[in-house]
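# Survey of secondary and tertiary structure
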Amino acid sequence: MAEPPISLKSLLERFGPHPAYVPPGGWQDELRNAPERLVKTHCCFCGQQCGIQLKVRGNQVTGFEPWEEFPFNRGMLCPKGVKRYMQGGHPDRLHDPLIRTPQGFRVSSWDEALDFTARRLREIQETYGKDSVAIYGGASLISEKSYLLGKFARVALGTRHIDYNGRLCMVSAGAAYKLAFGVDRSPFPWSDIPKAQVVLVAGANVAECAPITTDYLWRCRDAGGKLIVVDPRMTPICRNADMYLPVRPGTDLALYMGLLHVILRDGLERRAFISTHTIGFEQVAESARAWDPRTVAEKTGVPPESIERAARLFARAERAIVLHARGVEHQSKGVENCSALINLCLATGNIGREGAGCAMITGQGNGQGGREHGQKCDQLPGQRSISDPEARAHTAKVWGVSPEDIPQAGYSAVEIMEAIHRGEIKALLSACFNPLVSLPDAKFTMEALEKLEFFGVVDFFMSETAHHSDVVLAGSLQEEEEGVGCTAEGRVIHIQKAVDPPGNAKGDSWIYCELAKRLGKEQYFPYASTRDIYDELREASRGGAADYFGITYEKIDKNMGIFWPCPSLDHPGTPRLFEDGRSFHPDGKHHFVVTEWRDSGDPVSPEFPIYLTTGRVVSQYLSGTQTRRIGGLLEQYPNPRLEIHPRLAERYKINDGDWVTVTTRRNEITLQAMVVKTIRPDTVFIPYHWPDGRSANRLTHRTLDPRSKIPEYKVSACQLRRADGPPDWALSSLEHPSESRNGKA
Amino acid sequence: MHGYEFYVDPSRCIGCQSCVKACEECDTHRGTSMINFDFIDRGGTTASAAYVCWHCEEPTCAMACPTDAIKKGDDGIVQSSLEPRCIGCSNCVLACPFGIPKIFPEYEQMMKCDMCYDRTSVGKRPMCATVCPSQALSYVRPDGIAGRREKPTNVFQFGNQKVVTLVHMMVPAGTDSVSIDVLDYMWEGAYVAFAQPQ
C-alpha cells in the first residue's frame, strides 16, 4: 500500500534534496534590495535555541544578523544557525498539499487533501477501533503545535497512541530526573557552568552537537575550572580537557558506579547534605561497593588511576557540574546511566546551588518544550502523568471533555512502529518526523511503512519517509508561526513569525484544526491564532511541574526568556531549581535511585567483534530533512564516513578513504573510512543524518531502555570488511553536492 | 570599531566552521569566505585552526606587491587588492608569513579578510568573531579578554623579520612574542647568525 508510487530517482528529481548554495535572489540581491526588517527570534536547529535576527523582505527570509543582546548565545551561532535562513525560499519547499496516485504525487486542493485524510482516519477507526490510528509528533515543533497535536490525538481522534521523535533524543534523562527530582528539566541556567570548579562532561559531544555550550566550558577553564570528558571518541573539547576517560561503548554505568565507589570508600561524600535532603542513599552506597576501580577498569577500559583521580577531583570541588547527553542516554540502560550521574551529584551535595548540579543537554530544537505539553505517550500538558486521576481531571476541564474520554498511555515511538509492523496500528499521521532515517533498524521501519493502510504526513519538505505516504499536507517552518519554545536550560523563549508559509502551504496548527473540524470535533479547537492555543496551554500547564501559567509572549520579550515553573503573572520564573533544598517530590527529598547493570541488547561476539556507535556532525541536524538541503552545510560534510582507529584499520587492511562494508546482525552499509587516532580501537563511529545506503540506522537495533523506551543507538556490534569499490549510492550522482556551486552569482 | 580588538585563540577552536560560513555573508565579498581554516592533522587530532588576516603594521604582502595594489587604511586594516591595479601575480600569496592572501581566479585578483569593513565601519562586530561558538575568534574590548587563561600578543618573529600586527594571538601567559624559528630561543642565536659560512 504505502510503497513509493514511482521510482526513487523520479521522487528525488522532483522533491530533492537539492542542495541550495545561494540565498533567494542570489548573493548580490541584498546589495540591491535591502532587507525591510529584522525579526528577533531563535534558531530552529538544536536545543540551545540560540537567539538570531532574521532579515526579511516581503514574504521572504533573506539572511540573518547575529542577535548579540540575547543572553544565552550573545550573537554566537554554529554553522547550522548561520545557514538556517536558506530554507525559506528553498526550491524543494512544498507549496501545496499532495495526494499520491499510481503515477506519483499530484497537487491537490486543501479541501480534497483534508477531506481525504479525515475520511481515511475515520474509516480505519470505525473498522479497527480508535487505537488503530497513531500520531507521530516532532520535538522541533513549537510548543503550541506539540500541545495541539497531543490534544488532537486524544480529543479529535481519541487514540492513545501519540509519541514524538524526542523519544529518540533524551527521554532517558527525563525519566531519571523525574525519578530523582520529580521534574524533567535541567536544574540550572548555563550561566552556572563557568562558576563550577569541575565540570564532568559525560557522553556529550558538546563541540559538535551543542556548539555554543563550548564557550561556557572555556569560560569555566578561564576561571580555573577543571574539565573531565568521558567519551569513546576524543571529541574536539577533549583537546582542552584536564582528564579524558575513553569509556568503552555501553559501559558508562560501571564508570559512574566506580566514581561513587571511590568517593564513598574515601569518605568524600557530604553526609550532612545527604541526611537532610535525600532518601535512598544507603541502598545506592551498598550497590556501589562491588564497583572497585579495578573491576570498573576491566569493564570500561578506563585506567584505575584515572577513576581514582577523577573521583577525587569531582568530590573535592566545592562546586561541581555534570553535563550529559545522548552518549549515556542512547543505551538500553540509559535511565540507569543518568541516575548514576545524578547519584554522584547528590552524594557530593552538588544540586540547588550556583555552579553545582547535574544537567542534560537536550538535543532537539524544542526538545525541552516539545516534551512538556502532551505529545509524549504518557504525559498530559504541564508534565502531568496521564495515569494520574487528578491530572486527567484538570486537563479534561481545560479541554471541556470528560476525564474518561481522555485515553490512557499509549505506545512510545519505536513501539508504534512495531505495532504497525505487526498490523495492530493501521494508520499513521506523522508531523515533522522522518522515522525512515531516524528510527533504529531502518529495514524494519521500511517494512512497517509498507503495511500501513493510510499514511499522512505534515511537513515542509518531502522527507524520505514521506515518499511512502498517501497524502502530504504542506506545513510550516518554525519562522512561519508565532509561539514559544523551551531551551535546554529550561528558558521559555518566543518564536516570532517572520513570514507566512509560501504558496498554498499552511501553518501546522491550521491543518490540525481543519482536520479536527472534519472529524466532528470543531468545538474543541476554536483557535483564531497560535496565541489562543498558547493561552489554553498556559491554563492546561497550570499547577503542573512545567507550569507556564505566568509566562506570556510579552513577558518573554521583556525578560529575554522566562524559566519555568512560573505559576503566576507576577512570578519572575525559576532559573535554578531546588534552591530551597526541596525537590518536586511530595516528600521534598532528592531521591537516590539504585541502578542495575544490564548488558547491551546487541552484544559484541566473535562474529561481530567491534562496537559501532552513532551520532552527529556539526553541520547536520537530525535526519537531515532540512540541513541536507543547504549546500553550505552539505559541502562541509557531504556523506557519512566511518571513523576508525589506525590500529583497527591495519588489522582489516583499511586505508584512509577506502570503502568499507559495515555489517551488523540486521543489515550492512558501505561507506568510506576516515582513519583517525581519536576513537577507541575497538569501536567505529558513523553519523546518522543520511538515508538509504548511507543510513547508519540500517545497522542499529531496536532494543529499548525498559523505562524510557529510548533505542540503544550508541551500542551495536558489527563486523568490518574492506569493500572492492564504491557502493551504488556513491555511484549515482543524485543528491551529491556538485563540484560547481550552481547559480553562484 | 573604536576600542575593540581582534583576538585569535586556536586552542579554543572546535572546527565547526561557523566562521567560514558566516564570512560568506559579508557584504564586500558575498558568497566567498575569506577565513583560512584547517584541520591540522585530522588523522592524529581534532585540532583545528581558523585565522583571519593579521593586518600587519608593515604588511609584507603590500611590500611585495609590484603594482602597489594593497593598501592599509588609517584604521590599520590591510585591504584586499585594488581590482584595477592587481595583476594576480601571487607575490603577496608567497610573501605573507602567515599564508593569508589568496588569488581568486574567478575575480582575477587577490582577496583576503578586510575585518568586515562593511560591518566594523558602521559599529558592528565582524561576522566571524560574532558567531564563533567557542570564541576562538573574538572581537571585544581588551578588558573582555583580560580574564582568559591565555594572554594576547601581537609580536611575531619570523627569523630576522619582526612582525607587529593589529590582530592579537592568544598565547600562554608570560609569552611576549610568538617565534617559530628555533634560533630565537637559542642563547647563541646571534652568534650562529654571525658564524654563517662565508
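These numbers were taken from a predicted model, which means no experiment stands behind them.

Quick notes on the rules
- Residues numbered from 1 in each chain as written.
- Chains lettered and ligands numbered in written order.
- Predicted model: local features only at pLDDT ≥ 70, side-chain atom pairs only at ≥ 80, totals over all residues.
- Helix = DSSP H or I, 4+ residues; strand = E, 2+ residues; numbered from the N terminus.
- Rg over C-alpha atoms; globule rule 2.2 N^0.38 Å.
- Buried ≥ 20, exposed ≤ 12 C-beta atoms within 10 Å, placed from the backbone.
- Contact = placed C-beta atoms within 7 Å.
- Nonpolar A, V, L, I, M, F, W, Y, C, P; charged D, E, K, R; others polar.
- Domains from an automatic or database assignment.
- Pairing = 2+ DSSP bridges.
- Axes fitted to C-alpha atoms, helices over the stretch in contact; angles between N-to-C directions.
- pLDDT = per-residue confidence, 0-100.
- Parallel < 35°, antiparallel > 145°, perpendicular 65-115°, else oblique.
- Left-handed = near helix turned anticlockwise from the far one by under 90°.
- Core = buried A, V, L, I, M, F, W, Y, C linked by C-beta atoms within 7 Å.

### With respect to the overall build of chain A
- Helix and strand counts for chain A stand at 25 helices and 28 strands.
- By the compact-globule yardstick of 27 Å for 745 residues, chain A fits well, its C-alpha radius of gyration being 25 Å.
- Among the 745 residues that make up chain A, the fraction classed as buried is 62%.
- Taking contacts inside chain A between residues at least 6 apart in sequence as the whole, the part at least 24 apart equals 74%.

### Some points on the overall build of chain B
- Along chain B, the regular secondary structure elements total six helices and nine strands.
- Compactness check: chain B gives a C-alpha radius of gyration of 18 Å against a globular reference of 16 Å for 198 residues, within 12% of the reference.
- Principal-axis analysis of the C-alpha atoms places the extent of chain B at approximately 50 × 45 × 40 Å.
- Scored against the burial criterion, the 198 residues of chain B give a buried share of 39%.

### What to know about the interface of chain B and chain A
- Listed as interface residues are 28 residues of chain B and, on the opposing side, 39 residues of chain A.
- Contributing elements (two or more residues each) for the side of chain B that touches chain A: α1 (18-23) and α5 (127-131) of chain B.
- Looking at the side of chain B that touches chain A element by element, the count peaks at three residues for α1 of chain B.
- Split by residue class, the side of chain B that touches chain A holds seven nonpolar, 13 polar and eight charged.

### As for the domain arrangement of chain A
Residues and elements named next belong to chain A.
- When the domains of chain A are assigned, the result is domain 1 (8-87), domain 2 (98-169 + 366-563), domain 3 (171-359) and domain 4 (610-731).
- Computed over C-alpha atoms only, the centres of domain 1 and domain 4 are separated by 29 Å.
- When the residues that make up the side of domain 1 that touches domain 4 are grouped by side-chain class, the tally is nine nonpolar, three polar and two charged.

### Observations concerning the environment of arginine 154 of chain A
Residues and elements named next belong to chain A.
- Structurally, the position occupied by arginine 154 is in helix α5 (residues 143-157).
- Note: C-alpha distance between arginine 154 and glycine 374 (220 residues apart in sequence) is 9.5 Å.
- In this view, arginine 154 contacts Ile406 and Pro407; residues no more than four positions away in its chain are not counted.

### What about helix α8 (residues 213-222) of chain A?
Residue and element names in this part refer to chain A.
- The element α8 is extensively covered by neighbouring structure, given that seven of its 10 residues are classed as buried.
- All of the buried residues along α8 are Thr213, Thr214, Asp215, Tyr216, Leu217, Trp218 and Cys220.
- Packed against the buried residues of α8 are β8 (198-202), α7 (206-209) and β9 (226-230).
- Glycine 224 sits one or two residues past α8 and shows a positive phi near 95°.

### Focus: the pairing of strand β23 (residues 610-615) of chain A
Residues and elements named next belong to chain A.
- Among the six residues of β23, six are classified as buried, and the element is accordingly described as predominantly covered.
- Inspection of the sheet shows β23 paired to strand β28 (residues 716-722) by three bridges, in the antiparallel sense. Across the sheet, leucine 612 pairs through a bridge with serine 716, a residue of β28.
- Of the strand pairs in this sheet, β23 and strand β27 (residues 683-687) are connected by five bridges, and their pairing is parallel. Pairing of threonine 613 across the sheet is with phenylalanine 685, part of β27.

### What to know about the sheet that holds β9 of chain A
Residue and element names in this part refer to chain A.
- Ordered in space as β10-β9-β8-β12-β13, the five strands form an open sheet in which the pairing is parallel. At either end of the open sheet lies a strand with only one pairing partner, and these are β10 (243-245) and β13 (357-360). Neighbouring strand axes in the sheet, compared pairwise and without regard to direction, differ in orientation by 15° on average.
- Here five bridges tie β8 to strand β12 (residues 320-324), and the two strands are oriented parallel to one another. Following the sheet pairing, leucine 200 is matched in β12 by valine 322.
- Each of β8, β12 and β13 is contacted by helix α15 (residues 334-347), which is oriented at about 170° to β12, the strand it contacts most.

### Comments concerning the confidence of the model for chain B
- Residues of chain B with pLDDT of at least 70 account for 94%, and the chain-wide mean is 92.
- Overall fold confidence for the complex sits at a pTM of 0.96, while the interface term, ipTM, reaches 0.95.

### A closer look at the domain arrangement of chain B
All names here are of chain B.
- You can read the domains of chain B as domain 1 (1-52 + 115-172) and domain 2 (55-112).
- One C-alpha centre belongs to domain 1, the other to domain 2; they are set 19 Å apart.
- Of the residues lining the interface, 14 residues belong to domain 1; the matching set on domain 2 comes to 12 residues.
- Sort the elements by how many residues they give to the side of domain 1 that touches domain 2 and strand β8 (residues 161-171) lands first, with six residues.

### Quick word on the confidence of the model for chain A
- Chain-level pLDDT for chain A is 96 on average; 98% of the residues reach the 70-or-more range.
- Across residues 734-745 of chain A, where pLDDT falls below 50, the model places 23 contacts with residues more than four positions away in sequence or in other chains.

### Examining the sheet that holds strand β16 (residues 427-431) of chain A
All names here are of chain A.
- Spatially, seven strands are ordered β5-β4-β18-β17-β16-β6-β7 in an open sheet, and the strand pairing comes out mixed. A strand with exactly one partner marks an edge of an open sheet, and here the two such strands are β5 (104-107) and β7 (162-164). The average angle at which neighbouring strand axes cross in this sheet is 20°, direction not considered.
- Here four bridges tie strand β4 (residues 98-101) to β5, and the two strands are oriented antiparallel to one another. Bridging across to β5, arginine 100 finds its partner in phenylalanine 105.

### Section: helix α20 (residues 508-518) of chain A
All names here are of chain A.
- Burial analysis of α20 places eight of its 11 residues in the buried class, the great majority of the element.
- The secondary structure elements touched by the buried residues of α20 are α4 (110-128), α5, β16, β17 (454-459), β18 (471-474) and α21 (530-541).
- Glycine 520 sits one or two residues past α20 and shows a positive phi near 80°.

### Observations regarding the packing of helix α9 (residues 252-265) of chain A against α15 of chain A
Residues and elements named next belong to chain A.
- The contact between α9 and α15 brings their axes to 8 Å, and the two run at 20°. Classified by the angle between their axes, α9 and α15 sit roughly parallel to one another. The chirality of how α9 crosses α15 is left-handed. In contact with Asp252, Leu253, Tyr256, Met257, Leu259, Leu260 and Ile263 of α9, α15 contributes Glu336, Asn337, Ala340, Leu341, Asn343, Leu344 and Ala347.

### Let's talk about the nonpolar core
- If you look at the biggest cluster of nonpolar residues, it comprises 246 residues, and the most contacted ones within it are Val199, Val201 and Leu259 of chain A together with Val52 and Cys128 of chain B.
- In contact with valine 52 of chain B, not counting residues within four places along its chain, are Phe6, Val8, Ile35, Cys113, Met115, Cys128, Leu137 and Val167 of chain B.
- Core analysis: the next-biggest nonpolar cluster, separate from the first, contains 27 residues, Ile610, Ile654, Val660 and Val662 of chain A among them.

### Regarding the pairing of β27 of chain A
- The buried count for β27 of chain A comes to five of five residues, which makes it a mostly enclosed element.
- Alternating positions in β27 of chain A separate into two faces, Thr683, Phe685 and Pro687 of chain A on one and Val684 and Ile686 of chain A on the other, with burial throughout.

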